[in-house]
Amino acid sequence: MCGSPGNVAVFGFMNPVCGVILSAVLLGETDSLSVMPVAALVLVCMEIYIVNRPEKTE
């Protein structure tokens, strides 16, 4: 299922999310898993969900 270009482009925001997770796992960067970076990653994931959620039909 392909989305509109605007919805698909939002997944570019997954780059920092994957970067932080991979740096924590592969490089042992434990500072990247403190409260503020995790909160920022949660906000990015929420934004991706909000943009791509299905529209309500009435």
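For the structure, see preceding data.
Thresholds, definitions, all that
- Every chain is numbered independently, its residues counted from 1 as its sequence is written.
- Confidence filtering applies because this is a predicted model: local features only for residues at pLDDT of at least 70, side-chain atom pairs given and counted only at 80 or more, and all residues used for totals across whole chains, interfaces and linings.
- Each side-chain value is worked out from all heavy atoms of the structure, with water and hydrogens disregarded.
- The way it works is that DSSP assigns letters per residue, a run of H or I at least four long becomes a helix, a run of E at least two long becomes a strand, and they are numbered from the N terminus.
- C-alpha atoms define the radius of gyration in this analysis, and the globule rule sets the expected value at 2.2 Å times the number of residues to the power 0.38.
- Only the protein chains shown count as cover for residues, and all accessible areas are computed by the Shrake-Rupley method using a 1.4 Å probe.
- A patch consists of residues exposed above 30% relative accessible area that lack any salt bridge, with like charges linked at up to 9 Å and nonpolar side chains (Val, Leu, Ile, Met, Phe, Trp, Tyr) linked at up to 5 Å.
- Should a side-chain nitrogen of Lys or Arg be within 4 Å of a carboxyl oxygen of Asp or Glu, the pair is scored as a salt bridge.
- One less than the number of residues in a helix, times 1.5 Å, gives the span that helix is expected to have.
- Using a 1.4 Å probe on the protein chains alone, a residue whose accessible area is under 20% of its type maximum counts as buried, one over 50% counts as exposed, and one in between counts as partly exposed.
- Directions are taken from the helix axis to each C-beta atom, and the arc is the one they span.
- Whether two residues are in contact is decided by their heavy atoms, any of which lying within 4.5 Å being enough.
- Every axis in this analysis is a line fitted to C-alpha atoms, fitted for helices over the stretch in contact. Angles between the N-to-C directions lie between 0 and 180 degrees.
- Here a crossing is called left-handed whenever its near helix is offset anticlockwise from the far helix by less than a right angle, and right-handed whenever the offset is clockwise.
- Note on residue classes: Ala, Val, Leu, Ile, Met, Phe, Trp, Tyr, Cys and Pro are nonpolar, Asp, Glu, Lys and Arg are charged, and everything else, Gly too, is polar.

A. Representation of the overall build of the chain in the model. For the chain, the helix and strand inventory stands at three helices and zero strands. Counting from the amino terminus, helix and strand elements in the chain follow one another as α-α-α. Relative to a compact globule of 58 residues, whose C-alpha radius of gyration would be 10 Å, the chain shows 14 Å and is clearly more extended. Each principal axis of the C-alpha distribution contributes one length, and for the chain these read about 45 × 20 × 15 Å. When the accessible surface of the chain is split by element, carbon and sulfur atoms take 70% of a total near 4900 Å².

B. Seen up close, a nonpolar patch on the surface. Taken together, the side chains of L33, V38, V42, L43, M46, Y49 and I50 make up a nonpolar region of the molecular surface, amounting to roughly 680 Å² of accessible area. Its place among the elements puts L43 in helix α3 (residues 35-52).

C. Focus on helix α2 (residues 14-26). Given a rise of 1.5 Å per residue, 13 residues ought to cover 18 Å, and the 18 Å separating the end C-alpha atoms of α2 matches this to within 8%. Where α2 is concerned, the buried positions are V17, S23 and A24. Each buried residue of α2 lies within a common arc of 140° when the element is viewed along its axis, so the set occupies one face. Summarising the geometry of α2, the exposed residues directed more than 90 degrees from the buried face are N15, V25 and L26. Next to the buried residues of α2 lie α3.

D. The arrangement of the packing of α2 against α3 in detail. Packing of α2 against α3 leaves a shortest axis separation of 10 Å and a crossing angle of 145°. Taken as a pair, α2 and α3 cross one another with a handedness that is left-handed. On the side of α2, the interface is formed by M14, P16, V17 and V20, while α3 contributes L41, V44, C45 and I48. Of the residues contributing to the contact of α2 with α3, the split by class is eight nonpolar, no polar and no charged.

E. Spatial organisation of the side chain of S23. Checked against the element boundaries, S23 lands in helix α2. For S23, a relative accessible area of 17% translates into the label buried.

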